[in-house]
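Examination of the molecular architecture
What follows is each chain in one-letter form.
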Amino acid sequence: MNEYKVSALKYRPQRFDEVISQEFATQTLKNAIISKKIAHSYLISGPRGIGKTTIARIFAKALNCKNQKDGEPCNECESCIEITSGIHPDIFELDAASNRGIDDVRAIQDAAKFYPVKASYKFFIVDEVHMLTIQAFNALLKILEEPPPYLIFILATTNPEKIPPTITSRCQKFNLQRIKLEDISKRILDIAKKENITIDEQSVFLISKLGDGALRDALGIFDLAVSFCGTNIVYSELKEFFNLPEKEIYFKASDFIYRGDTKGILEYFSDLLERGFDLHTFYTGLTEHFRNILIVSSTKDANLIDESDVIKTKYLEESKKFTDGQLLRILQILFDDEQRFKFSANQRILLEAILVELCRINKEVVDLEKLISELEEFKKKTSEQGLANFKNVNSLQSKGNSEATQLNQEIVYKIEHNFPEPKVESVSDFSPKKEPIPEEKNNITTPEVSTKNSDDFRNLDNPLIKKIKSMFDVEEERINNIRKSK
Ligand SMILES: [Zn+2]
């Protein structure tokens, strides 16, 4: 007989404290068992492969266990062993995906009429309950409305919104979360250790990530990796096995885009395709890559992305090449063209055009963000200088310096009119025969910036606002032209 068991089954949690990442549900159920406050129906929802039926089974086991302790089953008594092996006469598991009709629920109705054979509670665990037909739901509702005291329903689903509210309102609800990447990684390392398998950090990370929050999926991938690599799992082999693109590819692509190297990126892309690279993988990979750069660039924290430590460091470096504005623009293009790409008859040509567009836009578009911050810096500087001089003169004035009095008036005038003021270094800079205040027009050093009321940014006639707006218009037009000419 074949003794091989997949890891997800072999290492299926048998106690609440072995279930990872779902503390809220497991702790509440344990407390219910300890305080003997048991509801008649529970609804456990959440994505696939995260432990919904596992939790249901442990609950059934713990409630019927003769040696139950602190809400946990003993896993040794007859009842526990029978439930674990799925042969207990009072525990029914039903998959609503394949048994969705009224007859199936009638069978439950019939079975519910009789007292449990062995246990104190009779359990119906209905998986994917949202698949039931309306008639079946109505039949189920009849039982839920007046359940016999020994009957407990555990309804599990990936789509709780598809269940009629008449049903959900009668259930105690638990919404399970996706399992955290680090928890999946820990579990894989744990199992590898028990199975005497050596596995490197990058492989653990890769397998956990491919599991996408579902432990069952991750363990399935782990089993695949074991059958391919044997007892020594190394990243380079694994990557080849899953035919995964190296992260390096996207870092290279973003570097071409950063340098605006159209020729370079097209040659590189063509080379990738010759090596059998999948277009779709490249598109989604590139989008995710720029999304990661944006996250690191805007938060200055690489821990917010799901990557190994080596890659995180690379992202920190890469994020310095782009401003948030540039990244948003790149992502905008990738998102805008996503649907077109999916349904395009010639994806290669379209993707090439997108790559060229990304290179050109990044190279040609003046970074407006930088421009605005420069203008603001300039404005700040001028007003700060004016203020500094004003203070400087004030202190002179308090010493009774009459020369300063006139200067003070000049500066106050200038500040009021928002003129840039040369920095006053020391008292010797003041000469009594200083030129009188010139005509306003002659004194404007940056005519397009300084005028009356120029600090009122609510005023749309404000020249600074006008200038920024016209720059925006020019850039907008340029972007549109580049996109049109594609
Ligand atoms: Zn037991």
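Just above sits the structure.
Since we're looking at a predicted model, the values are computed, not measured.

Basis of the calculations
- Residues numbered from 1 in each chain as written.
- Predicted model: local features only at pLDDT ≥ 70, side-chain atom pairs only at ≥ 80, totals over all residues.
- Helix = DSSP H or I, 4+ residues; strand = E, 2+ residues; numbered from the N terminus.
- Buried ≥ 20, exposed ≤ 12 C-beta atoms within 10 Å, placed from the backbone.
- Contact = placed C-beta atoms within 7 Å.
- Axes fitted to C-alpha atoms, helices over the stretch in contact; angles between N-to-C directions.
- Parallel < 35°, antiparallel > 145°, perpendicular 65-115°, else oblique.
- Left-handed = near helix turned anticlockwise from the far one by under 90°.
- Expected span 1.5 Å × (residues − 1).
- Nonpolar A, V, L, I, M, F, W, Y, C, P; charged D, E, K, R; others polar.
- Pairing = 2+ DSSP bridges.

1. Here we look at the overall build of the protein chain
Counting secondary structure elements, the protein chain contains 22 helices and seven strands. Within the protein chain, the fraction of its 486 residues that count as buried is 28%. In the protein chain, once contacts between residues fewer than 6 apart in sequence are set aside, the share between residues at least 24 apart is 73%.

2. A look at the packing of helix 5 (residues 102–112) against helix 6 (residues 134–145)
For the pair helix 5 and helix 6, the least separation of the axes is 8 Å and the interaxial angle reads 15°. Overall, the two elements helix 5 and helix 6 adopt an arrangement that is roughly parallel. The handedness of the crossing between helix 5 and helix 6 is left-handed. Of the residues in helix 6, those touching helix 5 at Ile102, Asp104, Val105, Arg106, Ile108, Gln109 and Ala112 are Gln135, Ala136, Ala139, Leu140 and Ile143.

3. With respect to helix 3 (residues 52–64)
Between its first and last C-alpha atoms helix 3 spans 19 Å; for 13 residues at 1.5 Å apiece the expected length is 18 Å, and the two agree. Most of helix 3 is tucked away, with twelve of its 13 residues classed as buried. Lys52, Thr54, Ile55, Ala56, Arg57, Ile58, Phe59, Ala60, Lys61, Ala62, Leu63 and Asn64 are the residues of helix 3 that are buried. Looking at the packing, one finds that the buried side of helix 3 touches helix 2 (23–35), strand 1 (41–45), helix 4 (78–84), strand 2 (91–95), strand 3 (122–127) and strand 4 (151–157).

4. Description of the packing of helix 2 against helix 3
In a pair of packed helices, the angle between the axes and the distance between the axes together describe the arrangement. Where helix 2 contacts helix 3, the two axes come as close as 11 Å, and the packing angle between them is 15°. Classed by the angle they form, the pair helix 2 and helix 3 counts as roughly parallel. As for how helix 2 packs across helix 3, the hand of that crossing is right-handed. Judged by residue contacts, Ala25, Thr26, Leu29 and Ile33 of helix 2 engage Ile55, Phe59, Ala62 and Leu63 from helix 3. The class makeup of the residues in the contact of helix 2 with helix 3 is seven nonpolar, one polar and no charged.

5. Comments concerning the pairing of strand 1
Within strand 1, five of the five residues are buried, which leaves it mostly tucked inside the rest of the structure. A two-sided burial pattern is seen for strand 1, the buried positions comprising Ser41, Leu43 and Ser45 on one face and Tyr42 and Ile44 on the other. Strand direction decides the pairing type here: strand 1 and strand 4, joined by five bridges, are parallel. For Ser45, the partnering residue across the bridge sits in strand 4 and is Thr157.

6. Examining the sheet that holds strand 3
Strand order in the open sheet formed by five strands is 2-3-4-1-5, and the pairing between neighbours is parallel. Only two strands of the sheet have a single partner each, and these edge strands are strand 2 and strand 5 (172–175). Across the sheet, the axes of successive neighbouring strands diverge by a mean angle of 15°, strand direction being ignored. Two strands pair when backbone bridges link them, and strand 2 and strand 3 are joined in this way by five bridges, in the parallel orientation. Bridging across to strand 3, Phe92 finds its partner in Phe124.

7. Describing the environment of Leu189
Positionally, Leu189 belongs in helix 8 (residues 181–194). Separated by eleven residues in the primary sequence, Leu189 and Asp200 place their C-alpha atoms 9.4 Å from one another.

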